[in-house]
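# Coordinate analysis (summary)
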Amino acid sequence: KNPTDPASDKNAALEEAWINWAFDAQDNLRLGQVRVPFSRESHVGTAVLSLAERSLANQEFAADKEPGALLWGTLDEGAWEWFLGLSNGEGKRANNTPGSDRNGLRRGARLVWNPLGPFRPEGPAFVTLDGGGTRLALGASWMRNDDSSGVSTVTPGSDTETRGLELQAFTGPWSLMADAY
């Protein structure tokens, strides 16, 4: 058998694999298939989404998992969350296109403030029902793609830059999540 060259064979792709190093209780480095940090909705796992699918806006603007690196952590006992990411910018299951002059990277940053204490964004909408209280998260994100081949961008073939704001709140049986791009 001839060995498969993943750069030229579209059938060879890494679906889901990563390794995470925790430097201490707050700081981590993840390598593998990562999401460049952008939008709150894209960082909630599909198994624990409150709705059956991600929104159309999230599918259009937020990047899916790509080969890359993610540096992330928390500050002030979870009051702040920070994320810095770098990926190949080609999209899920895609290697850089051989011979293409569009071999840049996708970069992103996200900062979240949890003024009422640490916040877990995934899980059922009623996460504060049993314990009482309210949780609130406010965030901002930025993403730039210098390898815009047409995935997660409204302008294929162009360098793109996207900014976002996010809000999530839980109180008793009520839940609200909003992303603006």
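Keep in mind the model is a prediction, meaning the values are calculated, not measured. (Residues numbered from 1 in each chain as written. Predicted model: local features only at pLDDT ≥ 70, side-chain atom pairs only at ≥ 80, totals over all residues. Heavy atoms only, no water.)

### So, the overall build of the protein
If you tally the helices and strands in the protein, you get 1 helix and 8 strands. Listed by position from the N terminus, the elements making up the protein come as β-β-α-β-β-β-β-β-β. Within the span of the protein, comprising 181 residues, buried residues form 34% of the whole. Summarising the internal contacts of the protein: among those between residues at least 6 apart in sequence, 62% fall at separations of at least 24. Just so you have it, the protein exposes about 10200 Å², and 58% of that area is on carbon and sulfur atoms. (Helix = DSSP H or I, 4+ residues; strand = E, 2+ residues; numbered from the N terminus. Buried < 20%, exposed > 50% of the residue type's maximum accessible area, 1.4 Å probe, protein only. Contact = heavy atoms within 4.5 Å. Areas by Shrake-Rupley, 256 points an atom, 1.4 Å probe, with all protein chains shown as cover.)

### Here's the deal with the pattern of salt bridges
Enumeration according to the criterion identifies 7 salt bridges in this entry. Taking the shortest distance from any N to any O, the salt bridge between D146 and R144 comes out at 3.0 Å. The partner of E161 in a salt bridge is R144, with the nearest N and O atoms 3.7 Å apart. Note that E161 is positioned in strand β7 (residues 160-171) and R144 in strand β6 (residues 134-145), a separation of 17 residues in sequence. (Salt bridge = Lys/Arg side-chain N within 4 Å of Asp/Glu carboxyl O.)

### A few points about the sheet that holds strand β3 (residues 66-75)
Read from one edge of the open sheet, 8 strands run β1-β2-β3-β4-β5-β6-β7-β8, paired in antiparallel fashion. Two strands close off the open sheet at either side, each with one partner strand: β1 (18-22) and β8 (174-180). Going across the sheet, the axis of each strand differs from the next one's by a mean of 10°, ignoring polarity. The sheet contact formed by β7 and β8 spans 7 bridges and is antiparallel. Paired with L167 across the bridge in β8 is A178. (Pairing = 2+ DSSP bridges. Axes fitted to C-alpha atoms, helices over the stretch in contact; angles between N-to-C directions.)

### A short note on the packing of aromatic side chains
One pass over the structure, following the stated rule, counts 2 aromatic pairs. On the numbers, 6.0 Å between centres and 25° between planes, the contact of W80 with W113 is stacked. Taken together, the positions of W80 in strand β4 (residues 80-87) and W113 in strand β5 (residues 106-113) put the pair 33 residues apart, joining distant regions of the chain. Directly above the aromatic system of W18 lies the positively charged group of R30, at a separation of 3.7 Å from the ring centroid. (Phe/Tyr/Trp six-rings, centres within 6.5 Å; stacked < 30°, edge-to-face > 60°. Lys NZ or Arg CZ within 6 Å of the ring centre and 35° of its normal.)

### Things to note about a nonpolar patch on the surface
A cluster of nonpolar side chains, I19, W21, F23, L31, L71 and L84, forms an exposed patch at the surface whose accessible area comes to about 550 Å². Topologically, L84 is positioned in strand β4. (Patch = residues over 30% accessible without salt bridge, like charges linked within 9 Å, V, L, I, M, F, W, Y side chains within 5 Å.)

### Here's the deal with the environment of R30
Looking at where R30 falls in the secondary structure, it is placed in strand β2 (residues 27-34). Between the alpha carbons of R30 and L71 there is a distance of 6.4 Å; along the sequence they are 41 residues apart. Residues in contact with R30, not counting those within four places in the same chain, are W18, I19, N20, G68, A69, L70 and W72. Polar contacts involving the side chain of R30 include one to the side chain of N20, which spans 3.4 Å. (Polar contact = N/O pair within 3.5 Å; in protein donor to acceptor, adjacent residues only side chain to side chain.)

### Here we look at the pairing of β2
Here β1 runs beside β2; their pairing, made up of 5 bridges, is antiparallel. Its bridge partner being in β2, A22 is matched across the sheet by N28. As consecutive antiparallel partners, β1 and β2 are separated by 4 residues. Pairing between β2 and β3: 8 bridges, direction antiparallel. When the bridges of β3 are listed, G32 appears paired with G68.

Bear in mind that shape data such as this cannot, by itself, settle questions of function.
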